[in-house]
Every structure is written in structure tokens, then in C-alpha cells.
Amino acid sequence: LQLLPGVRNAGEGNTGLYVRGGGPDQNLIMLDDAIVYNTGHLFGFFSIFNSDAIKNVSLIKGSIPAQYGGRLSSVLDIAMKEGNMKKMEGEGGIGLISSRISLQGPIIKDKSSFIVSARRTYVDVITKPLISKSSNFYGSGYYFYDLNTKVNYKFSDKDRLYLSGYFGRDVFAVKNTERSFKADIPWGNSTATLRWNHVFNQKLFANTTLVYNDYKFSFGAAQNDFQLKLSAGIRDWNAKLDFDYFASPKHKLKFGGLYTYHTFVPNILTGSQGETDFDPNNDNKKYAGEAALYIQDDWVISDKFNINAGMRYSRFAQLGPYTIYEKDADGNPTDSTTYGRGKVIKTYGGLEPRLTLRYSINDETSVKAGVARNLQYIHLVSNAGSTLPTDLWVPSTYRVKPQISWQYAAGLFRNFSNNDYETSVEVYYKDMRNQIEYGEGYTPSLNDPESEFVFGKGWSYGSEFFINKLKGKLTGWIGYTLSWTWRKFDDLNDGQKYFAKYDRRHDISVVAMYELNKRWKFSGVFVYGSGNATTLPERFYFTEGVLTQEYSKINQYRLPAYHRMDLSATLTPNQKPGKKLQQSWVFSLYNAYSHLNPYFIYFDQTGNPYDGSLKIEARKVSLFPVIPAVTWNFKF
């Protein structure tokens, strides 16, 4: 996905995708209809999606169909495998960094099946013997694990039930015995989906779905007899009903509705010292209900002309229990209004029209165009240039308005050489309102962060070029994106527009796969991207003996360009006829020429300011050098 035009990764050390100038929270990412709020393991080095458990993936970055909503930029719809109803199967891999195993098969042959897929890193297990027990840092480590499960039962030709789930965690532990300090930082997602598929007749069928999803982040620290724990997250309960109706060979209708109950947990702090418990009144939980109705028609007007038109109506309400405080100029509460459980505090809503047109000039060439209005009621607010697990998910409230966007896109698509090559050129423009950032000078605290938000607008535009070779021993693609992404806030940067942190002028991906013979396959990836926009100090001066920094305007500078090459070779040994075990070896190099891409820049001080020897130098911090890996894959 990150190698496609219009899609860029958040950079090493970060999770999420940036699609056409949107932030990572502006992508609707679903695993079996359950929304996933954090998509990366190992700070973005691994995806949480285990490919062994995945059936198919759909990415929509243009005009989002009416059945989807709640995000401005894109939809990533991922479906898990359903399990083999005929026979038992297994596959997996054992590697230097992580290992995985998947099993699937029938529960009742031709009637019910299951799949279970698990994965874990063991960096902690490998490094533990290398750290001396006498070391101050003995007991520190990191690992992640995840589990995908799914069962389905076929009651009849008209009724089928699916139950699927995902559970994953990253666990990061830091210990320093010299200072009697330890910290545990776990975070991750849990999802569960129950879906009933019912066929009424040859023209009409329905899916009734119940979904639970939960994202949690916590930070626990202890030193001597002092302990504290910081928790944050978001939990959803969702019910939806979707109908597909084939009115005629030229009209495919889809319509339905949904309701989601959200619980937001921003920064809940508890602690203790000795026998004294520290439990401040900082329960800033927020509750909300989100509902939507939609209808769309995929209309084949002629052999050459197709229209997909849809309308979505969404409504969002902040719900009690909650207390709104009125404060004086110094921030001291002067009055309050309390809302009971389920009471409506503030509502938002609106229509979201969607339209996509496709015209086939001939069998090899087509033109597509689309327009869509999207409303987004929940937001990820970050206090840094990176996407960290500590970033907060917050709802629209009496003070925070929903994000709104209009996106326009058009493209020319053409195949060549008997469909051996597919090419495309697309252009887009996206206008975004009610964007959210922290105000200047914000420092994290236990207060409701809403009082620190500022609001503005954004816009993004660009062009995308794609050439894909589909057939032959050598396959692969080249993708190039030229784009601009802006933000403008009255309360930031003196009200002047500035480049968003998602802005990347040039983004290039080159992917090549070569099948030498039945035993050896080779592949390579090269990526290049303009450096991220960043804010840096421009001047240093002393105030009463303290070194002070004066920063540039927002995102006035650029980090060095990002580029990397990955290489791999796959060896498939000759298989004896009739042998049930299939195996292969994968030898890979991540960042093959070990280019140290920038994660962030800090300023190092050496010397003495009082004798004129003080020097301040910018230092670049990088995360991943060349990383070799070997994996043994098997299937039976």
C-alpha cells in the first residue's frame, strides 16, 4: 500500500498512512468490519495485519462509496480468510525477528470451518541472555504479538454466520536498577465481529453485523515506592445492517444504516507513594453516539458509460455523563453544567453526496472522475511531528466541530501490449475544514486537552503517475506522486499558511520482481521521498544564564530526503511428488545500502558559554540501518 502513488508512509518510527495529504486518522481502516485505530507494530516497522490470515484488501483513495463514512481521505477494507471447509491446512514462517503460524480447516466438513493465525517477535528472548544480570538495564526489552481467529457456520444455502476476532499488543519495558526505576508501556487493539449473511432471493441479500473494538495505551512507571499509571484509548460498540439489491442487470443498489457508541479515554492518571494513593479527579471520559443511513446505485448506462451515485446522511451526538465548566481568565472554574448518562450535549450532522463517473473510450482506455463530501467526527491530535501511541483520539464535542472535506479527482487509465502493461495518470484536489492542532506553547497536562485546541483549514492537491507490468518473468511497477499539502490556522504561524507535516513534494516507488526459474525468485524495492517539513530553532541566546531557543515559523525547514532500497531472494527447493510439506527460504536486506534516514533532529551543546567555547550543532537521529533477515516458510 505504501508503494502506491498517492499513499506515503509516516516514516520510520511512526505508524499509519498519509493518503493525498490527509493525516493518519483520516483513513477508515477496517478488519472484518471492525475499525482499527493503531496499525503498526515496532513503531511502524511491522504492520498489525498478518498476511497469512488475509483474504483480500481494498483501498479506496478517491471518491469513497456511500457505504463507508467517518473519514476524509481513504478506506482500507480488509477481509480475513474464512477457513478451508474441505481439509486441514497450515502455513507459517520462522525468522530472525519474528515467527508466525496459521491453521485452518473444517469443523464440520462442507458446513463449518475455522482459521487461527498467530505471530510473535522474540527480540526480547534473543537479547535477554546478552544482557548481564548485573547490568543496570537487565529486564528491559520489547516484543509484540497478535492473534487472528475466525469461524463460520453455513446453516443453509441462504444463511451463514461468521465470528472473527483480532488481539494484538506491543509491550515495551525499561528498567534501571541503579535508579530503582522501571516503566512498562503496552498498547494495542482488540476487535470482535459477528456477521449474519442472509439471502432473501436471487436479487436481494443482507449482512447484519455486530462489532466491538478497543484500542488501549498505557504508561506505567515506578521508582522506589512511587508509582504512577497513565491510560488512554477508545472503545466502540457498533451495529449495522447492509442490503445488496440487484434491481436489474444495469442497476446494483446498496443501502443500509449503522449506529456506533464511542467511549473516549484521554489521559487518566492514577498513582501511589507508600501507603498513600493518588487518584486525582481527572476522569475526562467522553461518550458519543454516531449514526448513518446511506443508499448508492451502481448504474451501467451503456457499454461505455457507468455511474456510481450515492448519498449518506450521518449524525453525531456527544452524550453524558459529562460536566462542562465555565472558567475565568485565569482558568479557574466559576460555574458548571452537568449532563446525566445518555443526555445529549451537542449534535452535528449532514449530507454526504458521492459521485463517480467512468467512460470507456475503447477496450484499453477509460476516463474516471469523482467528487465526494465527507464528514469526520473523531480526531487524532498529536503534539509532535510523528504519530506515536501517546497521541489522543478525541470526539467532536460542544467545542470541537467535525472535520469536513470536499475531494475532486479525475484520471486517465490505459492498458498496453495486450494488457501486459497498465498505466494511469490522476489529479486531485481536496479541501478540508475544521482541522485540529494544539495551540502554540502547549505542554501536556491532566486538564481536558480541548481547551488547548486551535482550529483551521487545510487543502491538498497533486498528480499521480503509475506504470505496472503485469506479465512475464520481470514484473513490477513505478509510482510517482507530485503533491502539495497546506494548513492555515488563525492562531498558529501568525495566521500565515504553512506546509503540513504530511506534505511531501516528490514521492517515488520502484518495485521489481524477477522469476529466474522455478527455484529462485528475486525482488527489490526502491523508495525516495522529499524530506518531511519540520520546525527548528533558528537562534540561541541567554536569558539570566539560561540558554533559550527561538524557533522558526512552523514547518519552515525540511529534513533530508528519505530513500531506501530493500532486496530479497526466495529459494523454493525442489518438491518431491506427493510430498505434503512445501517450503521456501527468504533472504532479505532491509535498507540494503544502510542509508541513515532522519527520524528527528536535536541540537547538541558542547563547551562553555562563559569562555566563548560554546558550540551548538544539529544532530540527526536515525532508527534503522541495514537489517538482514532469513525466514523459513512452510505450508502443508
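Keep in mind the model is a prediction, meaning the values are calculated, not measured.

Here is what the cut-offs are and how they apply
- Residues numbered from 1 in each chain as written.
- Predicted model: local features only at pLDDT ≥ 70, side-chain atom pairs only at ≥ 80, totals over all residues.
- Heavy atoms only, no water.
- Salt bridge = Lys/Arg side-chain N within 4 Å of Asp/Glu carboxyl O.
- Buried < 20%, exposed > 50% of the residue type's maximum accessible area, 1.4 Å probe, protein only.
- Helix = DSSP H or I, 4+ residues; strand = E, 2+ residues; numbered from the N terminus.
- Contact = heavy atoms within 4.5 Å.
- Polar contact = N/O pair within 3.5 Å; in protein donor to acceptor, adjacent residues only side chain to side chain.
- Phe/Tyr/Trp six-rings, centres within 6.5 Å; stacked < 30°, edge-to-face > 60°.
- Lys NZ or Arg CZ within 6 Å of the ring centre and 35° of its normal.
- Patch = residues over 30% accessible without salt bridge, like charges linked within 9 Å, V, L, I, M, F, W, Y side chains within 5 Å.
- Areas by Shrake-Rupley, 256 points an atom, 1.4 Å probe, with all protein chains shown as cover.
- Lys, Arg positive; Asp, Glu negative; His and termini not counted.
- Charge placed at Lys NZ, Arg CZ, Asp CG, Glu CD.
- Pairing = 2+ DSSP bridges.
- Core = buried A, V, L, I, M, F, W, Y, C linked by side-chain atoms within 4.5 Å.

Let's shift gears to the pattern of salt bridges. The full count for this structure, using the stated rule, is 25 salt bridges. When the shortest N-O distance is used, the salt bridge between Asp214 and Lys216 registers 3.8 Å. Under the relative-accessibility criterion, Lys216 is labelled partly exposed at 39%. Among the ionic pairs, Glu617 bridges to Arg619, the shortest N-O distance being 3.1 Å. What makes Arg619 partly exposed here is its relative accessible area of 33%. Through salt bridges with shared partners, a single ionic network connects Arg20, Lys61, Glu426 and Glu464.

With that settled, the discussion passes to the environment of Ser568. Mapping Ser568 onto the fold places it in strand β38 (residues 562-571). Between the C-alpha atoms of Ser568 and Ser594, which are 26 residues apart in sequence, the distance is 15 Å. Excluding residues within four positions of it along the chain, Ser568 makes contact with Lys521, Phe522, Ser523, Phe587 and Ser588. Within polar-contact distance, the side chain of Ser568 engages the side chain of Ser523 at 2.6 Å.

This paragraph deals with the packing of aromatic side chains. How two aromatic rings sit relative to each other is set out by the distance from centre to centre and by the angle between their planes. Inspection of every chain in the model, using the stated rule, returns 27 aromatic pairs. Between Tyr143 and Tyr145 the ring centres are 6.2 Å apart and the planes differ by 20 degrees, which places this aromatic pair in the stacked class. Accessibility expressed as a relative area gives 23% for Tyr143, which makes it partly exposed. Looking at Arg341, its charged tip hangs above the ring of Tyr287, at a distance of 5.9 Å from the centre. Directly above the ring of Phe413 sits Lys368, whose terminal nitrogen or CZ lies 4.7 Å from the centroid.

Among the surface-exposed residues, Glu440, Asp490, Asp491 and Asp494 lie close enough to one another that they form a single negatively charged patch. Tracing the backbone shows Glu440 in the loop between β28 (421-438) and β29 (453-469). Among the residues examined, Glu440 registers a relative accessible area of 56% and is labelled exposed.

Attention now goes to the pairing of strand β16 (residues 226-248). For a regular strand, side chains alternate in direction, first toward one face of the sheet and then toward the other. The pairing of strand β15 (residues 204-223) with β16 spans 20 bridges and is antiparallel. Looking at β16, one finds that Gly220 is bridged to Lys229. In this antiparallel pair of consecutive strands, β15 and β16, the connection spans two residues, and Asn224 shows a positive phi of 55 degrees. With 21 bridges connecting them, β16 and strand β17 (residues 251-273) associate as antiparallel partners. For Ala239, the partnering residue across the bridge sits in β17 and is Tyr259. Connecting the antiparallel pair β16 and β17 is a turn made up of two residues.

So, about the nonpolar core. Ranked by internal contacts, the top residues of the largest apolar core, which has 19 residues, are Tyr37, Trp187, Tyr215, Ile234, Phe264, Ile378 and Trp393. Among the secondary structure elements, those contributing two or more residues to this core are β12 (141-154), β14 (181-199), β15 and β25 (378-381). With residues up to four places along the chain from it excluded, the contact list for Trp393 reads Asp25, Tyr37, Tyr215, Ile234, Phe264, Ile378, His379 and Leu380. Core analysis: the next-biggest nonpolar cluster, separate from the first, contains ten residues, Ile29, Leu31, Ile54 and Leu76 among them.

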